[in-house]
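An overview of the molecular structure
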Amino acid sequence: MAKRTPRRPARSSGGGKPAARSLADDPAELRRRAEARLRERNAHRTSDPDPNAQRIFHELEVHQIELEMQNAELFRVRNQLEDALARSIDLYDFAPVGYLTIAGTGAILEANLTGAALLGVVRSRLIRRRLDSFVAPENRSDFVAFLKRALEASDETTWEAQVRKEGGGGFWASFRATAAAGPDGTGTSCRLVFADITARREAADTQRRLDALAATNVGLKREIERRRKVEKALQASERQLGRLLEQSRHLQQQLRHLSHQILHAQEEERKRISRELHDEIAQTLVTINLQLANLARHVTADPRTLRRKIAETRRRVEASVEIVRRFARELRPTLLDDLGLIPALHAFMKELSKQYGLRTRLTAPASTEQLAISLRTVLYRVAHEALTNVTRHANASRVDVTIRKTAKLVSMTIADDGKSFPAKRVTHSPKGTHLGLLGMKERMEMVGGSLRIESLRGKGTTIHAEVPTGPTPDAAKDADRG
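Fair warning: this is a prediction, and the values are worked out from it, not measured in the lab.

A few points about helix H9 (residues 341-356)
Under the 1.5 Å per step criterion, the end-to-end length of H9 is 22 Å for 16 residues, consistent within 8% with the ideal 22 Å. Residues Leu341, Ala344, Leu345, Phe348, Met349 and Leu352 constitute the buried set of H9. Summarising the axial view, the buried residues of H9 lie within an arc of 125°, below the 170-degree limit, and thus occupy one face. In H9, those exposed residues whose orientation departs by more than 90 degrees from the buried face are His346, Lys350 and Lys354.

Below, the structure written as structure tokens:
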């Protein structure tokens, strides 16, 4: 029987993979198909009368068909492998990144077309050249360390460097390397993937510059805002300074007017004292002198008349002494220095009750006398002036003086049931005619205290004075002595 030559199947252009299980792997299936094909061929053939010859011929034909089918299968598998190899080569050569296989010395053993194009060299001229010859000089020492790490590491090693092309120019490249066996199966090589990341680096640099610019802009905005706040603060300070200057000028005018008023009041007080001394003391002393002279001329007169005249002279002397004492109390009561603040206030209020029929009450703790003499003097002067104003202007029937003392503060209130007055307008009057109230306020401020006046219609007037306790009594006494 003539031998048939198997027909080579057409090469597939598709992307199918080789059959998962070929006929050569399954002899029973191959035998079954061969016998089925033989039956089709012998459907119209006459049978041979010799059974042995027929059996041998049958086996030979079956074997021939099996060989034809295996040959066809091998052609099909070979074509698929060639297609797969062609696709792999295309993927390798025309990949978007460069693929290199380099030896441990840095020599390039294999390269794809993309890698050769990135380096600017024809692939045939690229083989056996050292990769570090394409690396920028300032990065070559780092390349040696990178290659050493890649060959020793068990996983992927990355690195970035500047690359110089063969014909000039360059770019930033990202390298990823993995250790592998050499192409001949011996030695150690490195599979390396690299790509042009110039655009990414430039974008990153641009982003860093933008971030720096944004940070600078934020800083500038903050600085502008800070300067605006400073400018507003300066404007507010200028306005405040203007107000303070205006207040200062106003206070200077008040001070000058107050100084004039004080000088005028001092002069009036001197005139009053001089007039009283002249009208009362001087006249009394002249009368005493005349009576003494008359007694000297009538020494031999009736003893009874003499005693009467002497008694009258003594009364005049006592009245003069009392006037001198009253002047001394008005200038500074000796009780304040000798006995303290509470006895001095009590004596003064008792005198007011006797002269004006005014009901008075003094409430003060004994610890008040522990205050420094300077503070007690201020409190006495304020109370003296307030009580004097009550007798002159308030037309009151009752006045209460209350002193309270804490660890850091002494407060004194003077409340009457007399007529009210516009306290705020009077105390802030630019004319400064109310020297008593201004003097009280000045005295309190001199020792770091404060004075507040409340005056309500139908409820009378209340003066609140507060002063810090200040230094210890011994220190205050030393300060007074100094």
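That was the structure; now back to the text.
Remarks on the sheet that holds strand E1 (residues 98-103)
Strand order in the open sheet made by the 5 strands is E2-E1-E5-E4-E3, with antiparallel pairing throughout. Here the strands that pair on one side only, and so sit at the sheet edges, are strand E2 (108-111) and strand E3 (157-164). Direction aside, neighbouring strands of the sheet carry axes that sit 30° apart on average. Alignment of E1 against strand E5 (residues 188-196), held across 6 bridges, turns out to be antiparallel. Residue pairing in the sheet places Gly98 in a bridge with Phe194 of E5. Against the sheet, helix H5 (residues 140-152) makes contact with E1, E3, strand E4 (170-181) and E5, and its axis sits at roughly 150° relative to E3, the strand it touches most.

Considering the sheet that holds strand E8 (residues 409-416)
The sheet built from 5 strands is open, its strands ordered E6-E7-E8-E10-E9 with mixed pairing. A strand with exactly one partner marks an edge of an open sheet, and here the two such strands are strand E6 (359-363) and strand E9 (450-456). Neighbour to neighbour, the strand axes of the sheet diverge by 10° on average, direction disregarded. Looking at chain direction, strand E7 (residues 398-405) and E8 are connected through 7 bridges and run antiparallel. What sits directly across from Asp400, in E8, is Ala415. Contacts between H9 and the sheet are confined to E6 and E7, with E6 contributing the most and set at about 170° to the helix. The strands touched by helix H10 (residues 373-394) within the sheet are E7, E8, E9 and strand E10 (460-468), with E8 carrying the most contacts at an inclination of about 10°.

A short note on a nonpolar patch on the surface
Judged by side-chain polarity, Leu241, Leu244 and Leu245 come together as a nonpolar surface patch covering roughly 260 Å² of accessible area. In this structure, Leu244 sits in helix H6 (residues 198-297).

Quick notes on the pairing of E2
Note: E1 against E2, 3 bridges, orientation antiparallel. Across the sheet, Thr101 pairs through a bridge with Glu110, a residue of E2. Hairpin connection, E1 to E2: the antiparallel pair is bridged by 4 residues, and Gly106 has positive phi, about 95°.

Some details on unusual backbone geometry
With a phi close to 75°, Arg128 is a non-glycine residue in the positive phi region. Mapped onto the elements, Arg128 comes out in the loop between helix H4 (123-126) and H5. Residue Arg128 is classed as exposed on the basis of its relative accessible area of 63%.

Things to note about helix H1 (residues 27-41)
For H1, spanning 15 residues, the distance from its first C-alpha to its last is 21 Å, which sits close to the expected 21 Å at 1.5 Å a residue. Listing the buried residues of H1 in full gives Leu30, Ala34 and Leu38. Considered in projection along H1, the buried side chains sweep an arc of 70° and stay on one side of the axis. Those residues of H1 that are exposed and angled more than 90 degrees off the buried face are Ala28, Arg39 and Glu40.

Digging into the packing of aromatic side chains
The geometry of two aromatic rings is summed up by the distance between their centres and the angle between their planes. Applying the stated criterion across every chain, the model contains 6 aromatic pairs. Between Phe143 and Trp159 the ring centres are 5.9 Å apart and the planes differ by 50°, which places this aromatic pair in the tilted class. Within this pair, whereas Phe143 is found in helix H5, its partner Trp159 is found in strand E3, the two being separated by 16 residues in sequence. Judged on exposure class, the residue Phe143 and its partner Trp159 are both buried. One aromatic cluster in this structure is built from Phe143, Phe146, Trp159, Phe175 and Phe194. Above the plane of the ring of Trp172 lies Arg201, whose end atom (NZ or CZ) is 3.6 Å from the centre.

What to know about the nonpolar core
Ranked by size, the top nonpolar core spans 34 residues in total, and within it Leu387, Met412 and Ile414 carry the most contacts. Top contributing element to this core by residue count: H10, with 10 residues. Excluding residues within four positions of it along the chain, Met412 makes contact with Leu379, Val382, Ala383, Val401, Thr402, Ile403, Ile463, His464 and Ala465.

Rules of the game
Residues numbered from 1 in each chain as written. Predicted model: local features only at pLDDT ≥ 70, side-chain atom pairs only at ≥ 80, totals over all residues. Heavy atoms only, no water. Helix = DSSP H or I, 4+ residues; strand = E, 2+ residues; numbered from the N terminus. Expected span 1.5 Å × (residues − 1). Buried < 20%, exposed > 50% of the residue type's maximum accessible area, 1.4 Å probe, protein only. Arc of directions from axis to C-beta. Pairing = 2+ DSSP bridges. Axes fitted to C-alpha atoms, helices over the stretch in contact; angles between N-to-C directions. Contact = heavy atoms within 4.5 Å. Patch = residues over 30% accessible without salt bridge, like charges linked within 9 Å, V, L, I, M, F, W, Y side chains within 5 Å. Areas by Shrake-Rupley, 256 points an atom, 1.4 Å probe, with all protein chains shown as cover. Salt bridge = Lys/Arg side-chain N within 4 Å of Asp/Glu carboxyl O. Phe/Tyr/Trp six-rings, centres within 6.5 Å; stacked < 30°, edge-to-face > 60°. Lys NZ or Arg CZ within 6 Å of the ring centre and 35° of its normal. Core = buried A, V, L, I, M, F, W, Y, C linked by side-chain atoms within 4.5 Å.

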